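Commentary on secondary and tertiary structure
Single-letter residue listing:
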Amino acid sequence: MLLEGAQSYPEIEAYLHEGREQGLRVLLFAHSPALPQWDAQNDAPLLPANLSPLAVIWVGDRLRPQSKEVLERFQAAGIRIKIISGDHADTVVALGKQVGLDPEAIAVSGQELARLDEPSFDQMAVNATVFGRITPNQKAQLVSRLRAQGHQVAMIGDGVNDVLSLKQANVGIAMESGSAITRNVADIVLLKDSFAALPEAFREGQRIYNGIQDVTKLFLVRVLSFSLLSLVTVMAGRAFPLLIKHNTLLTLWGVGLPTLAVAFWAVPGPRPYRSLIRSLLHFVVPATLSLALLAIFVYLGVLARELTPLMALFQSGFGSALLNRQEVIGDIQHSIAIARTALVTTLLLASLCLVLFLKPPHPVWVGGAPLVGNWRYVGVVVALLALFIGMNVSPRLRSLMELEPMSWQLWAGTVLIVILWVLMLRTFWRYRLLDRFLGVSLDGCYPT
């Protein structure tokens with residue numbers, strides 16, 4: 001669009017604004033008879049005085065057909081999109097609206113960012129969606145400040161001015177048609193410059209991450225709780241209460257088979273926590289300590305209950321006559337076997353309940369992890385519980401695993417104790433007792 005001398009500056013500004021509103025790149029050509037000047041102090045050119053506008057050029061970009069669909073899939077995966085461009089912020093916002101960007105998205109220019117202090121810059125980096133007139137250094141600063149606040153950042157670029165920000169990001173993504181140096185520093189290069197594969201790649205990464213995190217939690221609870229149980233028994237001068245077959249059974253039923261289901265049915269989604277350490281602390285520490293105390297309480301309680309009649313017999317005056325008899329040793333060994341069976345039953349039931357806490361199918365189980373709503377995990381727990389009950393019913397299988405038959409009163413007592421433990425553990429999580437003790441927020445990182 002040529003500008004005649006009669007054109008006024010408000011009209012020129014209207015042309016510029018009209019082009020930006022349509023998502024066009026707007027170029028203004030102007031002329032001055034004065035010689036160009038150079039600012040030696042800032043090492044930058046100075047605009048000459050008495051510029052006369054000559055023409056306004058609108059340049060349009062053709063959007064890729066799948067752009068809107070890809071953006072929607074990113075948002076469905078819980079990924080926040082930020083557009084960082086050297087173009088005017090209004091132009092970028094107009095283009096973003098054409099692919100489904102929120103019309104209320106916050107836009108900010110590089111000049112505005114340059115005037116902000118560090119806390120305000122960090123806040124704007126999180127809240128704003130569109131960044132226009134951004135320099136290469138500002139791109140890298142935005143990426144680094146987002147990472148410093150705990151965000152995982154993937155940066156997409158194609159030019160030399162994107163190299164710094166690509167190196168700062170967790171994942172650098174370059175276009176196949178981009179510069180050679182950009183492709184060299186990037187972690188991923190998009191063939192045919194297509195974004196279509198990125199949402200599925202990110203969702204698969206989320207699925208793998210969530211599965212690994214859940215499996216790690218169950219294994220840590222298993223290892224640490226058994227280590228505490230072993231430490232307490234050794235310090236008390238007693239042998240470890242569980243036999244090798246019992247450990248095998250608990251490992252297979254409480255960790256091995258459930259984690260196969262957890263990994264197989266892992267779903268993509270935003271990370272429930274910004275910090276893996278906080279996530280593990282929130283779930284593992286209360287579960288480990290309470291499970292170890294539960295195991296000690298059940299084992300010693302059942303052992304004392306089984307040995308009470310024998311101790312009463314000794315105290316009645318007949319102990320000296322029975323002291324050398326083989327039956328006494330057999331009674332003691334049988335009492336220890338009953339206590340071990342009750343301990344195995346308690347630990348197995350508690351381990352299966354932990355699976356439901358890890359993948360809550362219903363709000364009742366929410367405490368250690370966010371609601372999943374997948375009832376397939378309940379099916380796995382019920383199936384494993386039914387197999388364990390069948391093992392106790394079958395004398396051959398029970399003997400194979402060195403378990404003793406328990407009375408229905410002991411079964412009922414064990415189930416009641418596990419239920420009380422479940423309620424106590426859920427209360428511990430919901431009232432954030434560990435958070436208050438440590439003075440940090442561990443369960444406040446769930447997405448709202």
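Residues numbered from 1 in each chain as written. Predicted model: local features only at pLDDT ≥ 70, side-chain atom pairs only at ≥ 80, totals over all residues. Heavy atoms only, no water.

The next subject is the overall build of the protein chain. Helix and strand content of the protein chain: 16 helices and ten strands. Counting only residues that meet the buried cut, the protein chain has 39% of its 448 residues in that class. Of the roughly 24800 Å² of accessible surface on the protein chain, a fraction of 62% belongs to carbon and sulfur atoms. (Helix = DSSP H or I, 4+ residues; strand = E, 2+ residues; numbered from the N terminus. Buried < 20%, exposed > 50% of the residue type's maximum accessible area, 1.4 Å probe, protein only. Areas by Shrake-Rupley, 256 points an atom, 1.4 Å probe, with all protein chains shown as cover.)

To continue, consider the sheet that holds strand β9 (residues 171–175). Strand pairing in a sheet relies on backbone hydrogen bonds. The paired strands run either parallel or antiparallel. Pairing is parallel across the open sheet formed by three strands, whose spatial order is β8-β9-β10. Two strands lie at the open edges of the sheet, namely β8 (154–157) and β10 (188–190), each paired on one side alone. Pairwise comparison of adjacent strand axes, ignoring direction, gives a mean angle of 25° for this sheet. Examined bridge by bridge, β8 and β9 share four bridges and lie parallel to one another. Considered in β9, the bridge of G157 is made with A174. (Pairing = 2+ DSSP bridges. Axes fitted to C-alpha atoms, helices over the stretch in contact; angles between N-to-C directions.)

Bringing the environment of D61 into the picture now. Following the sequence through the fold, D61 ends up in the loop between β4 (52–59) and α2 (67–76). With 36 residues separating them along the chain, D61 and R25 place their C-alpha atoms 8.1 Å apart.

On the surface, a cluster of nonpolar side chains totalling about 400 Å² of accessible area is made up of L27, F29, L54, I57 and V59. Tallying contributions element by element places β4 first for the nonpolar patch, with three residues. Along the chain, F29 turns up in strand β1 (residues 25–31). (Patch = residues over 30% accessible without salt bridge, like charges linked within 9 Å, V, L, I, M, F, W, Y side chains within 5 Å. Salt bridge = Lys/Arg side-chain N within 4 Å of Asp/Glu carboxyl O.)

Moving on to the sheet that holds strand β5 (residues 83–84). A sheet is described by the order of its strands in space; here three strands give the open sequence β5-β7-β6, paired in parallel fashion. The sheet is open, and its two borders are formed by β5 and β6 (107–109), each paired with just one other strand. Summarising the sheet, β6 and strand β7 (residues 130–132) pair through three bridges and their orientation is parallel. Counted as the bridge partner of V108 is F131 from β7.

This brings us to unusual backbone geometry. With a phi angle near 55°, R133 is a residue other than glycine that sits in the positive phi range. Looking at R133, the relative accessible area reads 38%, which means it is partly exposed. Here the phi dihedral of R432 falls at roughly 50°; this positive angle occurs in a residue that is not glycine. For R432, the location among the structural elements is in the loop between α15 (408–430) and α16 (433–438).

Here the protein chain averages 82 in pLDDT, while 88% of its residues score no lower than 70. Contacts for the low-pLDDT stretch residues 444–448, under 50 throughout, to residues beyond four places or in other chains number 13 contacts. (pLDDT = per-residue confidence, 0-100. Contact = heavy atoms within 4.5 Å.)

Right, let's talk about the pattern of salt bridges for a bit. Per the stated rule, a full pass over the model turns up eight salt bridges. Close ionic contact of K359 with D214 constitutes a salt bridge, the shortest N to O distance being 2.5 Å. A residue pair is termed long-range when its members are at least 10 positions apart, and K359 in the loop between α12 (326–358) and α13 (376–393) and D214 in helix α9 (residues 198–235) qualify at 145 residues. Neither K359 nor D214 differs from the other in exposure class; each is buried. Connected via shared salt-bridge partners are E69, R73 and E200.

For helix α1 (residues 9–21), with 13 residues, the first-to-last C-alpha span of 18 Å sits near the 18 Å given by 1.5 Å per residue. Of all the positions in α1, only I12, L16, G19 and R20 are classed as buried. Buried residues of α1, viewed axially, fall in a sector of 100°; they line one side. Against β1, β4 and α3 (89–98) lie the buried residues of α1. (Expected span 1.5 Å × (residues − 1). Arc of directions from axis to C-beta.)

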